[in-house]
Amino acid sequence: MNTPKSPITTLIVIGIIAVFAIYTLIKRRKNLAALDTGEDMDALKQAVARVLPGESGYKVVYAHWQRSESYGRRTTTYYYSYGIAFDAERMFIIPLKFEKDKILPQQPALITSENVGVLEVNETRKQDILSQVSVVLRNKNGESPVEFDVDVRNLKSDRFHHFNIRQQEECEAFSRFIGTLAQTVTAENGELREKM
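Residues numbered from 1 in each chain as written. Predicted model: local features only at pLDDT ≥ 70, side-chain atom pairs only at ≥ 80, totals over all residues. Heavy atoms only, no water.

Enquirer: Please explain the pattern of salt bridges as it appears in this structure.
Expert: Working definition: two side chains of opposite charge can pair if their charged atoms are close together. Counted under the stated rule, the structure contains 5 salt bridges. Among the ionic pairs, R90 bridges to E55, the shortest N-O distance being 2.4 Å. Placement of the pair is R90 in the loop between β2 (74-86) and β3 (91-99) and E55 in the loop between α2 (39-51) and β1 (59-71), with a sequence separation of 35 residues. Assessed through its relative accessible area of 23%, R90 is described here as partly exposed. What makes E55 partly exposed here is its relative accessible area of 28%. For R90, the salt bridge is made with D87, and the minimal N-O distance between the two is 3.0 Å. (Salt bridge = Lys/Arg side-chain N within 4 Å of Asp/Glu carboxyl O. Helix = DSSP H or I, 4+ residues; strand = E, 2+ residues; numbered from the N terminus. Buried < 20%, exposed > 50% of the residue type's maximum accessible area, 1.4 Å probe, protein only.)

Enquirer: Quick question: what am I supposed to make of the pairing of strand β7 (residues 129-138) here?
Expert: One face of the sheet, then the other: side chains in a regular strand alternate in exactly this way. Counted residue by residue, β7 has 8 buried out of 10 residues, so it is predominantly covered. Sheet topology places strand β6 (residues 118-126) next to β7; 9 bridges connect them, and they run antiparallel. From the neighbouring strand, N122 faces β7, where its bridge partner is S134. Linking β6 to β7, which pair antiparallel, is a turn of 2 residues; within it Q127 sits at a positive phi near 50°. Bridge count for β7 against strand β8 (residues 146-151) is 6 bridges, and the pairing is antiparallel. Within β8, the position partnered with S134 by the bridge is D149. (Pairing = 2+ DSSP bridges.)

Enquirer: Explanation requested: the nonpolar core in the structure shown.
Expert: Buried together is how nonpolar side chains tend to be arranged in soluble globular proteins. Ranked by size, the top nonpolar core spans 25 residues in total, and within it I84, M91, L119, L137, F148, F174 and I178 carry the most contacts. For this core, the secondary-structure elements that each account for two or more residues are β1, β2, β3, β7, β8 and α3 (168-188). Counting residues per element, this core draws most heavily on α3, at 8 residues. Apart from residues no more than four positions distant in its own chain, F174 is found in contact with V61, I84, F86, M91, V133, V135, F148 and V150. Membership of the second largest hydrophobic core comes to 14 residues, among which are Y62, A85, I94 and I103. (Core = buried A, V, L, I, M, F, W, Y, C linked by side-chain atoms within 4.5 Å. Contact = heavy atoms within 4.5 Å.)

Below, the structure written as structure tokens:
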């Protein structure tokens, strides 16, 4: 038998929902305002510079990836964050870890046409404006894939998303760079792609 809910319980539930909605709205506005400061991009560039001490003349973009694995009824999602530094011919992929608000850059991996066997690039555009570049890299054996997305807009929406970064110009430059690198890799390793 269903017992009617008291008006106080209903008011409490409505109040909790309203507080959560207001908190979410305020947090989103704060994150959107932070996009314009460039503070998080500056912090990312400083972190990248710490692990590339002898390098200069590169551009930096923030990249991320997430993958999910299912085990019966349980699904586990893994989140990856990267700083990508690139110039005309090469790029460094720098895995990022975090300790509270501190960025901990890890050992960079140098990527050139000499050590990549397959490079797949997909762009997402909205009304002809670039919004995302998706990349899959494989070694000369077609193995060990590394995947990541470079989004024009990134928001610090939860504890797995660490930056408020708008990177339109950087993303456009990265798209040109990675497209050219993909053409070179395909020309040098066409047979590997066909085997796969």
